[in-house]
Amino acid sequence: MASQVYTHVKHEFEPVFDEESRILILGTLPSVKSREQQFYYGHKQNRFWKVLAAICGDPVPAETDEKKEFLLKNHIAVWDVIAECDIIGSSDSSIKNVVPADLNRILAQTEIRTIYANGATAYRLYMKYSYGLTGREIVKLPSTSPANAAFSLERLIREWEREIRTPLSERLCYTEKNICFEYKNYYDAAAGSGCIRRSK
């Protein structure tokens, strides 16, 4: 059956990050729908964008440009563990012949404080293929995939927020004098930084 045929897939779009990124969230490999859209978590039933938007107190981004802006504004880097592999459709359980992504490309250019795996498969693949290359620990989060039916959206938000709230609350807001002001409930832009952030 065609649905059971392995396809060799290469990751075809870039990671999202800049020098201000402070956390890195890793998936396994873009799904068929994400590969069609050429961006992360493109399946309309994947809860990734809803979960992060709820944690950050922002509207759910819809378009690719909005999603990139949202991630960078909140100092979140996103990529996948796999650069290329053989896979049946979007089935993570079928993945084989893995070539890992060069995660040091991000780690060398940022001050990433914590790396997170979006789901058990991303965690397992990171530990198998990437941990020895980065030397960095990774925190396993419940998958936002619709296949993870055991987790409601509310439960996902609660579990993700428990793990990533602290790194997000440590976001930096620079004034024009390059002085960092940190607030527990909000970041004040009155000093001219142009950066207004709210954390829960």
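Residues numbered from 1 in each chain as written. Predicted model: local features only at pLDDT ≥ 70, side-chain atom pairs only at ≥ 80, totals over all residues. Heavy atoms only, no water.

A closer look at the pattern of salt bridges
Where charged atoms from two side chains of opposite charge approach closely, those side chains can pair.
Consideration 1: Tallying each qualifying case throughout the model produces five salt bridges.
Consideration 2: A salt bridge links Arg105 to Glu14; the shortest N-O distance between them is 2.2 Å. In this pair, Arg105 sits in helix H4 (residues 104-107) while Glu14 sits in the loop between strand E1 (7-10) and strand E2 (23-27), placing the two residues 91 residues apart along the sequence.
Consideration 3: Accessibility expressed as a relative area gives 33% for Arg105, which makes it partly exposed.
Consideration 4: Given the relative accessible area of 49%, Glu14 is considered partly exposed. (Salt bridge = Lys/Arg side-chain N within 4 Å of Asp/Glu carboxyl O. Helix = DSSP H or I, 4+ residues; strand = E, 2+ residues; numbered from the N terminus. Buried < 20%, exposed > 50% of the residue type's maximum accessible area, 1.4 Å probe, protein only.)

Structural notes on the confidence of the model for the protein chain
Consideration 1: Averaged over every residue, the pLDDT of the protein chain is 83; the share at 70 or more is 81%.
Consideration 2: Of the regions scoring below 50 in pLDDT, residues 172-200 engages in 58 contacts with residues more than four places distant in sequence or in other chains. (pLDDT = per-residue confidence, 0-100. Contact = heavy atoms within 4.5 Å.)

Describing the sheet that holds strand E3 (residues 76-80)
Consideration 1: Spatial strand order, E3-E2-E6-E7: four strands in an open sheet with parallel pairing. Two strands lie at the open edges of the sheet, namely E3 and strand E7 (139-141), each paired on one side alone. Strand-to-strand twist across the sheet, computed as the mean angle between neighbouring axes with direction ignored, equals 30°.
Consideration 2: Where E2 meets strand E6 (residues 114-118), four bridges bridge the pair, whose relative direction is parallel. For Ile23, the partnering residue across the bridge sits in E6 and is Thr114.
Consideration 3: Along the sheet face, helix H5 (residues 120-134) touches E2, E6 and E7 and points at about 125° away from the line of E6. (Pairing = 2+ DSSP bridges. Axes fitted to C-alpha atoms, helices over the stretch in contact; angles between N-to-C directions.)

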